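Chain residues, written in single-letter form:
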Amino acid sequence: MVKKRDGRKEPFVPEKIVVSMIKTGAPSDYARTIAQDIERGARDGITTQEIKTKILGMLKAKNPEWERNWTVYDLAVKKRSG
């Protein structure tokens, strides 16, 4: 289970990671690999912030532009920065 920002818990859905990463410009095969890595390492109660931090680190290591795209999306569309 994943703990959301508002405290709710919901099942871990790897496809949400894949979709978000594809929106950054990452190829779908890389996005699926990262989603699988996150899923393997996830524990019950992992927070969305912990997941985001891991993803951003992996995106930055692979292609810093993808990390910037994620951050811009969070600022512009989701109206959040952290």
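Residues numbered from 1 in each chain as written. Predicted model: local features only at pLDDT ≥ 70, side-chain atom pairs only at ≥ 80, totals over all residues. Heavy atoms only, no water.

Things to note about the overall build of the chain
Looking only at helices and strands, one finds four helices and three strands in the chain. Listing every helix and strand of the chain by position from the N terminus yields β-β-α-α-β-α-α. Relative to a compact globule of 82 residues, whose C-alpha radius of gyration would be 12 Å, the chain shows 12 Å and is just as compact. Each principal axis of the C-alpha atoms in the chain carries an extent, and together these give about 30 × 30 × 15 Å. For the chain, the proportion of its 82 residues judged to be buried stands at 28%. (Helix = DSSP H or I, 4+ residues; strand = E, 2+ residues; numbered from the N terminus. Rg over C-alpha atoms; globule rule 2.2 N^0.38 Å. Buried < 20%, exposed > 50% of the residue type's maximum accessible area, 1.4 Å probe, protein only.)

Re helix α2 (residues 28-41)
An ideal rise of 1.5 Å per residue puts 20 Å on 14 residues; α2 measures up with 20 Å between its terminal C-alpha atoms. Turning to α2, its buried residues are Tyr30, Ala31, Ile34, Ala35 and Ile38. The buried residues of α2 occupy one face: seen down the axis, they fall within an arc of 135°. Along α2, the residues that are exposed and aim more than 90 degrees away from the buried face are Asp29 and Arg40. Tucked inside the fold, the buried residues of α2 contact α1 (14-24), α3 (48-62) and α4 (64-76). (Expected span 1.5 Å × (residues − 1). Arc of directions from axis to C-beta. Contact = heavy atoms within 4.5 Å.)

Let's talk about the packing of aromatic side chains
Going through the model one piece at a time under the given rule, you end up with one aromatic pair. Ring geometry for Tyr30 against Trp66: centres 5.7 Å apart, planes inclined by 40°, an arrangement best described as tilted. Of this pair, Tyr30 sits in helix α2 while Trp66 sits in helix α4; the two residues are 36 residues apart in sequence, bridging distant segments of the chain. Just as Tyr30 is buried, Trp66 falls in that class too. (Phe/Tyr/Trp six-rings, centres within 6.5 Å; stacked < 30°, edge-to-face > 60°.)

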